[in-house]
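Notes for the structure review
Next come the chains, spelled out residue by residue.
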Amino acid sequence: MKKKIWIGTNWKMTKTIAEGLDFTHELKKIAEAISPNIQLFIIPSHTSLFPIKEVISGSTIYLGAQNMHWEDSGAYTGEISPRMLDEIGIDMIELGHSERRQYYNETDEAINKKILAALEYSIKPLICIGENIEQKNNLISKETLSAQLKVCLKGLSKEQAKQVVIAYEPVWAIGEQGIPAEVEYVEEIHDFLRQTLIGLFDDTGMEIPVLYGGSVNHDNFLNYINLENVNGLFVGRAAWEIDSFQKILYQLESHLFD
Ligand code: 13P
């Protein structure tokens, strides 16, 4: 049985502060009712971080931000620094989501700098990787993912590697146009990612949680979570309404711990 399951949601650019607070008040009650072996996290927009932090303080829910710069301070209009996020007291930072790679040209090199900066502040990096449909069709998914992992994690010590969480999200599976991935494919890729992490960090590679994301929903989430090398789920649309997220969480709880 798995020691700990991670499950959380990236709200992307959807919720206002008021909407985020309503959701968070409800999630806090759910967090009290479910096993502490389920590590919940929410990743709101920057504007909501501070008010939501006030609500979830003292609960087991981790709070993450969706992006940050790697510098502490400077002439970078529109950016937010690790020092600023640390002041709010966030637990995690989501880095390298495919939408940031696609629309804002975020590179693995930039993500690597952000990871190292986050670790300086003991903010846990949640590092998103994934191949696009062309890469999958050209049968270079594994090469793509291996390169992403190697560059993103460059220069991390084993101690630092223990702090990161990886989210594998195939680009073609994400969002409204996304196609849910076959369970066999997810299994093959997660096994490969585990071997790649062991190649990079020896036994420490066994300890790094690797989550699956991309069109995770009520019908498929248990198939993914049953896989040996899937340590959690990163959910978008199916977790944006609290009732829908609650349904997944209670089902997960009874599946894993009853
Ligand atoms: P969907 O679950 O809506 O496909 O989004 C997944 C995602 O992008 C999580 O970061």
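A brief look at the structure comes next. Owing to the predicted nature of the structure, the values given are computational and were not obtained by experimental measurement.

With that settled, consider the site of the ligand. Taken together, Asn-10, Lys-12, His-97, Glu-169, Ala-173, Ile-174, Gly-175, Gly-214, Ser-215, Phe-234, Gly-236 and Arg-237 are the residues near the ligand. For the ligand, an oxygen atom lies 2.7 Å from a polar atom in the side chain of His-97. Interatomic distance of 2.8 Å between a backbone N/O atom of Gly-175 and an oxygen atom of the ligand. Relative to its free-state accessible area of 300 Å², the ligand is covered by the protein chains to the extent of 99%. Residue composition of the shell around the ligand, by class: 3 nonpolar, 6 polar and 3 charged.

Moving on to the packing of helix H5 (residues 108-120) against helix H7 (residues 141-152). At their nearest, the axes of H5 and H7 sit 8 Å apart, and the two run at 40 degrees to each other. The angle between H5 and H7 places the two elements in the oblique class. Contacts between H5 and H7 involve Asp-108, Glu-109, Ile-111, Asn-112 and Ile-115 from the former and Gln-148, Val-151 and Cys-152 from the latter. Among the residues forming the contact of H5 with H7, the class breakdown is 4 nonpolar, 2 polar and 2 charged.

Right, let's talk about the packing of aromatic side chains for a bit. This structure, assessed with the given rule, holds 8 aromatic pairs. Between Phe-41 and Phe-234 the ring centres are 5.6 Å apart and the planes differ by 45 degrees, which places this aromatic pair in the tilted class. Taken together, the positions of Phe-41 in strand S2 (residues 38-43) and Phe-234 in strand S8 (residues 232-235) put the pair 193 residues apart, joining distant regions of the chain. Each of the two residues, Phe-41 as well as Phe-234, counts as buried. Where Tyr-103 meets Tyr-104, the ring centres are 6.4 Å apart and the plane angle is 85 degrees; that geometry is what we call edge-to-face. Members of the aromatic cluster, each reached through a chain of ring pairs, are Trp-11, Phe-23 and Phe-245.

Next up on the list: the side chain of Ser-81. Its place among the elements puts Ser-81 in the loop between strand S3 (62-65) and helix H3 (82-88). Those residues in contact with Ser-81, other than ones at most four positions away along the chain, are Glu-71, Asp-72 and Ser-73.

With that settled, the discussion passes to the sheet that holds S2. If you trace the 8 strands once around the closed barrel, you get S1-S2-S3-S4-S5-S6-S7-S8, paired in parallel fashion. Strand-to-strand twist in this sheet, taken as the mean axis angle between neighbours without regard to direction, amounts to 25 degrees. Pairing between strand S1 (residues 5-10) and S2: 6 bridges, direction parallel. By the bridge assignment for S2, Asn-10 is matched with Ile-43. Its contacts with the sheet put helix H9 (residues 183-201) on strand S5 (124-129), strand S6 (165-168) and strand S7 (210-213), and the angle it makes with S7 is roughly 150 degrees. Against the sheet, helix H12 (residues 242-257) contacts S1 and S2, and its axis sits at roughly 170 degrees relative to S1.

What follows is about H9. With 19 residues, H9 extends 27 Å between its outermost C-alpha atoms, agreeing within 8% with the 27 Å of an ideal straight helix rising 1.5 Å per residue. Restricting attention to buried positions, one finds in H9 the residues Tyr-185, Val-186, Ile-189, His-190, Leu-193, Arg-194, Thr-196, Leu-197 and Phe-201. Viewed end-on, H9 has its buried residues packed into an arc of 165 degrees, placing them on one side of the element. Facing away from the buried side of H9 by more than 90 degrees, the exposed set consists of Glu-184, Gln-195 and Gly-199.

Okay, the environment of Met-68 next. Along the polypeptide, Met-68 turns up in the loop between S3 and H3. A sequence separation of 11 residues divides Met-68 from Glu-79, and the C-alpha atoms of the two residues are 6.7 Å apart. Not counting residues within four places of it along the chain, the set of residues in contact with Met-68 comprises Glu-79, Ile-80, Pro-82, Leu-85, Ile-93, Leu-95, Lys-114, Ala-117 and Ala-118.

Looking now at a negative patch on the surface. Residues Glu-182, Glu-184, Glu-187, Asp-191 and Glu-228 make up a contiguous surface patch of negative charge. Its place among the elements puts Glu-184 in helix H9. On the basis of relative accessible area, Glu-184 is assigned to the exposed category, the value being 54%.

On to the pattern of salt bridges, then. For side chains bearing opposite charge, pairing can occur when the charged atoms are close. Throughout the structure, instances matching the rule amount to 8 salt bridges. Note that Lys-12 and Glu-99 form a salt bridge whose closest N and O atoms lie 2.8 Å from each other. Within this pair, whereas Lys-12 is found in the loop between S1 and helix H1 (17-33), its partner Glu-99 is found in helix H4 (residues 98-104), the two being separated by 87 residues in sequence. Here Lys-12 falls in the buried class, since its relative accessible area comes to 16%. The class for Glu-99 is partly exposed, based on a relative accessible area of 22%. Between Glu-106 and Arg-100 there is a salt bridge whose closest N-O contact spans 3.4 Å. Judged by its relative accessible area of 9%, Glu-106 is buried. Among the charged side chains, a salt-bridge network with shared partners connects Arg-100, Glu-106 and Lys-114.

What counts, and at which threshold
- Residue positions are given per chain, counted from 1 along the sequence in the order it is written.
- pLDDT decides what is reported in this predicted model: residues at 70 or higher carry local features, side-chain atom pairs at 80 or more are listed and counted, and totals for whole chains, interfaces and linings draw on all residues regardless.
- Side-chain calculation: all heavy atoms of the structure are included, whereas hydrogens and water are not.
- It suffices for a single heavy atom of a residue to lie within 4 Å of a molecule or strand for the residue to be listed as near it.
- Polar contact is the term for a pair of N or O atoms within 3.5 Å; when the atoms are in protein, one must be able to donate a hydrogen and the other to accept it, and sequence-neighboring residues count only if both atoms are side-chain atoms.
- For every accessible area listed, the method is Shrake-Rupley and the probe measures 1.4 Å; residues are considered covered only by the protein chains on display.
- In this classification, Asp, Glu, Lys and Arg are treated as charged, Ala, Val, Leu, Ile, Met, Phe, Trp, Tyr, Cys and Pro as nonpolar, and every other residue, Gly included, as polar.
- Under this scheme, a helix contributes an axis fitted over its contacting stretch, all axes are lines through C-alpha atoms, and angles between N-to-C directions fall in the 0 to 180 degree range.
- Secondary structure follows DSSP: runs of H or I at least 4 residues long count as helices, runs of E at least 2 residues long count as strands, and numbering of each begins at the N terminus.
- For classification, angles of less than 35 degrees are called roughly parallel, those exceeding 145 degrees roughly antiparallel, those between 65 and 115 degrees roughly perpendicular, and all remaining angles oblique.
- We call two residues contacting when some pair of their heavy atoms lies within 4.5 Å.
- Any two rings among Phe, Tyr and Trp, with Trp reduced to its six-membered ring, count as a pair given centres within 6.5 Å; such a pair is stacked if its planes are under 30 degrees apart, edge-to-face if over 60, and tilted if neither.
- Burial here depends on accessible area, computed with a 1.4 Å probe over protein chains only, as a share of the maximum for the residue type. Under 20% is buried, over 50% is exposed, and the range in between is partly exposed.
- In this analysis, strands are considered paired if DSSP registers two or more bridges between them.
- In a helix, the anticipated span is given by 1.5 Å times the number of residues less one.
- Think of it as the arc spanned by the lines of direction from the helix axis to the C-beta atoms.
- In this analysis, a patch consists of residues with relative accessible area above 30% that form no salt bridge, clustered at 9 Å for like charges and at 5 Å for the nonpolar side chains Val, Leu, Ile, Met, Phe, Trp and Tyr.
- The term salt bridge refers to a side-chain nitrogen of Lys or Arg lying within 4 Å of a carboxyl oxygen of Asp or Glu.
- By the counting rule applied here, Lys and Arg register as positive and Asp and Glu as negative, while His and the ends of each chain are not counted.
- Every charge is mapped to an atom, namely NZ of Lys, CZ of Arg, CG of Asp or CD of Glu.

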